[in-house]
Amino acid sequence: MDYFVKKESIVREIWGKGDTILFIFAGASAEFALNKAVDWLFYTGKLPSDPIGRLFSTVFYAREIVFSSLEEANRSIDKISAIHAAVEKSRQAVIPDWAYRDVLYMLIHYSIASFEVLERKMDLQEREEVYAVFYRVGCRMNLKELPLNYHQWKSSYAIHLKNDLQKSNYSKDLFFQYKKHLGRFRFWLLSETQKMVVPIPVRKMLGINQFSILQIILPVYKFSRIFKLDRIIRSLLLPSAYRNAVSALDKAE
């Protein structure tokens, strides 16, 4: 069977661990809120009513693609395109191509950043491999002006961070919803996680510093993996509605 991502790929290692995926989610939740096209995510009402579930669904779709056969992955990508096409038809407007690229760029950046925080530094070949996988996703979605390699993507992502982000009333509302749905302590944990993976421009827009208290706690958490205590800790930190979904992410480990 042909798989969308080879079994020995670093991408499967990244997306096969619940910890890494949670860090990807945390970083993306910050950048999502600042995106100039975030109004599209408010259009259906699903994002403000269930911001955690909406963002998790994006991450879950990405993971499903990573671990699927080539045929199944292509069907999943086509389904994503069809969902967005339906929203465009309902709103009678077109989602800008750069907005699609921005979401793809988030998955690339936070895949790398999260893995490096939790595991180790990646070499250039591994980074190229991460980019190549999501480049293929973008090509299947017929996205235009995609960089051809990781080096070109880095430059393109820097431009995106400069041109496509802003702190708006949507941003403030979304962070309010995060806090409302997560509770004070879990929202604090989300914020501390974001500090460790978001790029400098995102940190500056959100007014957060680089140091995270989790940098002190993280070694203890990593040690807990040896005794399988990490899953217990996660179950205590996550809202009950998402515990089973996140636990399922570990099945690929």
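In short, a report on the structure. Keep in mind it's a predicted model, so treat the numbers as computed, not measured.

1. A few points about a nonpolar patch on the surface
- Where nonpolar side chains cluster on the molecular surface, the patch consists of Phe 185, Trp 188, Phe 211, Ile 213, Ile 216 and Ile 217 and spans about 580 Å² of accessible area.
- Sorting the residues of the nonpolar patch by element identifies helix 11 (184–197) and helix 13 (214–224) as the ones contributing at least two each.
- Residue placement: Phe 211 occurs in the loop between helix 12 (200–206) and helix 13.

2. Some details on the nonpolar core
- Formed by 72 residues in total, the largest nonpolar core has its most connected members in Trp 15, Val 130 and Tyr 178.
- In terms of residues, this core owes the most to one element, helix 7 (residues 97–118), which gives 13 residues.

3. Focus: the environment of Lys 162
- Looking at the element boundaries, Lys 162 is found in helix 9 (residues 150–163).
- Between the C-alpha atom of Lys 162 and that of Pro 201, which follows or precedes it by 39 residues, the distance is 7.4 Å.

4. Some details on the packing of aromatic side chains
- Tallied over the full model, the rule gives 10 aromatic pairs.
- Taking 5.9 Å as the distance between ring centres and 40° as the angle between the ring planes, the aromatic pair formed by Tyr 131 and Tyr 135 counts as tilted. You can see Tyr 131 and its partner Tyr 135 sitting in helix 8 (residues 124–140), four residues apart, about one turn around the helix.
- Look at Phe 175 and Phe 187: their rings are 6.4 Å apart centre to centre, the planes differ by 85°, and that puts the pair in the edge-to-face class. Taken as a pair, Phe 175 in helix 10 (residues 169–182) and Phe 187 in helix 11 lie far apart in primary sequence, 12 residues in all.
- Accessibility expressed as a relative area gives 15% for Phe 175, which makes it buried.
- The class of Phe 187 is buried, set by a relative accessible area of 15%.
- Among the aromatic residues, those joined into a cluster by ring pairs are Tyr 105, Tyr 131, Tyr 135, Tyr 150, Trp 153 and Tyr 157.
- The ring of Tyr 3 carries the charged tip of Arg 12 above its face, separated from the ring centre by 4.9 Å.
- For Arg 136, the ring lying beneath its charged end belongs to Phe 4, and the centroid distance is 4.0 Å.

Parameters and conventions
Residues numbered from 1 in each chain as written. Predicted model: local features only at pLDDT ≥ 70, side-chain atom pairs only at ≥ 80, totals over all residues. Heavy atoms only, no water. Patch = residues over 30% accessible without salt bridge, like charges linked within 9 Å, V, L, I, M, F, W, Y side chains within 5 Å. Areas by Shrake-Rupley, 256 points an atom, 1.4 Å probe, with all protein chains shown as cover. Salt bridge = Lys/Arg side-chain N within 4 Å of Asp/Glu carboxyl O. Helix = DSSP H or I, 4+ residues; strand = E, 2+ residues; numbered from the N terminus. Core = buried A, V, L, I, M, F, W, Y, C linked by side-chain atoms within 4.5 Å. Buried < 20%, exposed > 50% of the residue type's maximum accessible area, 1.4 Å probe, protein only. Phe/Tyr/Trp six-rings, centres within 6.5 Å; stacked < 30°, edge-to-face > 60°. Lys NZ or Arg CZ within 6 Å of the ring centre and 35° of its normal.

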